[in-house]
Amino acid sequence: MNSVASQASSPVIRAVERVLPPHYASQDQIIGSLRDIWATRHYNLDRLEELHRAVQVKGRFLALPVEQYAALTTFQQRNDAWIKVSLELGEQVARQALERTGLTPRDVDHVFFVTVTGISTPSIDTRLMNRMGMRSDMKRTPIFGLGCVAGAAGTSRASDYLRAFQNQTVLLIAVELCSLTLQREDLSIPNIIASGLFGDGAACVVLQGGERAPAGSGPHIVDTRSVLYPETERIMGWDVVDTGFKVVLSAKVPNLVRDYIRRDVEGFLAEHGLTRKDVKHWVAHTGGPKVLQSFEEALELAPGMLARSWKSLHDVGNLSSASVLFVLGEMLDSGEARPGDWGLMMAMGPGFCAELVLLRW
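Analysis parameters
- Residues numbered from 1 in each chain as written.
- Predicted model: local features only at pLDDT ≥ 70, side-chain atom pairs only at ≥ 80, totals over all residues.
- Heavy atoms only, no water.
- UniProt positions renumbered as here; feature names shortened; annotations may be inferred.
- Core = buried A, V, L, I, M, F, W, Y, C linked by side-chain atoms within 4.5 Å.
- Buried < 20%, exposed > 50% of the residue type's maximum accessible area, 1.4 Å probe, protein only.
- Helix = DSSP H or I, 4+ residues; strand = E, 2+ residues; numbered from the N terminus.
- Contact = heavy atoms within 4.5 Å.
- Domains from an automatic or database assignment.
- Buried area = accessible area lost by both parts, 1.4 Å probe.
- Salt bridge = Lys/Arg side-chain N within 4 Å of Asp/Glu carboxyl O.
- Polar contact = N/O pair within 3.5 Å; in protein donor to acceptor, adjacent residues only side chain to side chain.
- Axes fitted to C-alpha atoms, helices over the stretch in contact; angles between N-to-C directions.
- Parallel < 35°, antiparallel > 145°, perpendicular 65-115°, else oblique.
- Left-handed = near helix turned anticlockwise from the far one by under 90°.
- Nonpolar A, V, L, I, M, F, W, Y, C, P; charged D, E, K, R; others polar.
- Disulfide = S-S within 2.5 Å.
- Pairing = 2+ DSSP bridges.
- Right-handed = clockwise from strand over helix to strand, strands pointing away.

In the annotation of an unreviewed UniProt entry, the entry for the protein chain reads Stilbene synthase, and the organism field reads Melittangium boletus DSM 14713. What UniProt states about the protein chain under its Sequence similarities (unreviewed entry) heading is, verbatim, "Belongs to the thiolase-like superfamily. Chalcone/stilbene synthases family."

Below, the structure is given as structure tokens:
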């Protein structure tokens, strides 16, 4: 693909809005709550605190007040809470994103909804159509199971659609309520790390086709790349158990980033006559300190190139699919990008897989 020739017809990111639930707990508060629960199981409580400190998260926003989680003892209770809060956050973030661009819910032609932390049939996007007064002929694509990669992958799939329908408007909505998936009875190291790393939040991206978007209204999505690493299904994901979603999280994730991301990024950029040095804006998923360090080392990024990803990790934790969109939104709001700048959004998740999104202003 010729990047210059293709840019004029490429989909455009008009806006990225982010919303956090109103309930905040510092890492100390969360550690205190979990110590009370796990002390009854005679767990090594010093190890719990050590693992939570290691993820470098200062605190997280939660779907519910921290004291209400103890009453959620069944999968149904957790999922019912997920549906209720997902609708609230999904509507809030979608309305705010549309307001940023001067659009209304009836201007939307297609909604892509991504999540990995709850299930609903009818899906959340259907319920949002009714709550927001969207058109009855609006298309919907709910996507479940991509996990942390879904913010980038959802952007890619939305852009695929807009290459075919260049005069349309699309919303990508990501809602993740990771706190409602915590398995309190699971004392495995992956679950304890997850209990210290993952937070709750929602993001919404407004995208328009090249024929619809006003000139200079946002970065163009020049190209995307999906990569699946064979025989890595047990690296990350869920085991669905009687009490809900039990986390699968391998210590090999940083190694996979370190082993493959440079090869995949360089190969992708080379198809557009670019090298890593041509990329001015790096937007990386906040997978955790070791994952971000692996991105930096593998890609030989200068100090500060992933500063927004690090800050997002410290401030709100890993928000699964919404995380990379939070970082993208912060970067767009900064106003740093100039016409002609190149950017690369990248995330990795269950599969195990990677998604790369090439941007140009």
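### Some thoughts on the nonpolar core
Within soluble globular proteins, side chains that are nonpolar tend to cluster in buried spots. Membership of the largest hydrophobic core comes to 43 residues, with the highest contact counts inside it found for Leu64, Leu171, Ile173, Leu177 and Leu180. At the level of elements, α2 (27-38), α3 (45-54), α4 (75-101), β4 (110-115), α5 (124-132), β6 (169-177) and β7 (200-208) are the ones that each hand at least two residues to this core. No other element matches α4, which puts ten residues into this core. In contact with Leu177, not counting residues within four places along its chain, are Ala63, Trp82, Val85, Ser86, Leu89, Thr117 and Asp200. Counting residues in hydrophobic clusters, the runner-up holds 41 residues, among them Ile235, Val265, Leu301 and Leu358.

### Re the UniProt feature "domain: Chalcone/stilbene synthase C-terminal" (unreviewed entry) in the protein chain
On the UniProt side, "domain: Chalcone/stilbene synthase C-terminal" (unreviewed entry) is annotated at positions that read residues 227-360 here. Helix makes up 40% of residues 227-360 and strand 27%, and the two end C-alpha atoms of the span are 21 Å apart.

### With respect to the UniProt feature "active site" (unreviewed entry) in the protein chain
Residues given the UniProt feature "active site" (unreviewed entry) here are Cys148. Not counting chain neighbours up to four residues away, the residues in contact with Cys148 comprise Phe198, Met236, His285, Asn318, Ser320, Ser321, Ala347, Met348, Gly349 and Pro350.

### So, the environment of Gly244
Here Gly244 is to be found in strand β10 (residues 244-249). Gly244 sits in the buried class, given a relative accessible area of 1%. Residues Gly244 and Asp125, 119 residues apart in the sequence, show an inter-C-alpha distance of 22 Å. Not counting residues up to four positions away in its chain, the partners in contact with Gly244 are Phe75, Gln183 and Asp239.

### Things to note about the domain arrangement of the protein chain
According to the domain assignment, the protein chain contains domain 1 (13-208) and domain 2 (216-360). When each unit is reduced to the centre of its C-alpha atoms, the spacing between domain 1 and domain 2 is 18 Å. For domain 1, the biggest contributors to the area lost against domain 2 are Ile13, Arg18 and Cys148; these three give 17% of the whole. Seen at the junction of domain 1 and domain 2, the total is five salt bridges. A salt bridge links Asp333 to Arg18, with the shortest nitrogen-to-oxygen separation between them at 3.1 Å. Between the two partners, domain 1 and domain 2, sit 20 residue pairs in polar contact (both at pLDDT 80 or more). Secondary structure elements with two or more residues in the side of domain 1 that touches domain 2: β1 (12-19), β3 (59-62), α4, α6 (150-164), β6, α7 (189-197) and β7.

### What about the packing of α2 against α3?
Each pair of packed helices can be summarised by the angle the axes make with each other and by the distance between the axes. It is the contact of α2 with α3, at a shortest axis distance of 10 Å, that shows an interaxial angle of 150°. By the criterion of interaxial angle, the relationship of α2 to α3 is roughly antiparallel. α2 and α3 meet at a crossing whose hand is right-handed. Residues Gln27, Asp28, Ile30, Ile31, Leu34, Arg35 and Trp38 of α2 form the contact with α3, whose own contacting residues are Leu45, Asp46, Leu48, Glu49, His52 and Arg53. Taken together, the residues of the contact of α2 with α3 sort by class into six nonpolar, two polar and five charged.

### Observations regarding the pattern of salt bridges
Going through the model one piece at a time under the given rule, you end up with 25 salt bridges. With a closest N to O distance of 2.8 Å, Arg135 and Asp137 form a salt bridge. Connected through shared salt-bridge partners, Glu17, Arg18, Arg100, Glu330 and Asp333 make up one network.

### Some thoughts on the state of the cysteines
Under the counting rule described, the total for this entry stands at zero disulfides. Between Cys148, a free cysteine, and Cys178, which holds the nearest cysteine sulfur, the sulfur-to-sulfur gap is 7.4 Å. Summary of cysteine pairing: Cys353 is not part of a disulfide, and the nearest cysteine sulfur, belonging to Cys148, is at 9.9 Å. Note on Cys353: relative accessible area 11%, which makes it buried.

### Things to note about the pairing of β4
Of all six residues in β4, six are buried; the element is thus mostly enclosed. Pairing of β4 with strand β5 (residues 139-144), which is carried by six bridges, proceeds in the parallel orientation. Among the inter-strand pairings, Val111 is bridged to a residue of β5, identified as Arg140. Handedness of the crossover joining β4 and β5 through α5 is recorded here as right-handed. The sheet contact formed by β4 and β6 spans five bridges and is parallel. Along β6, the bridge assignment pairs His110 with Val170.

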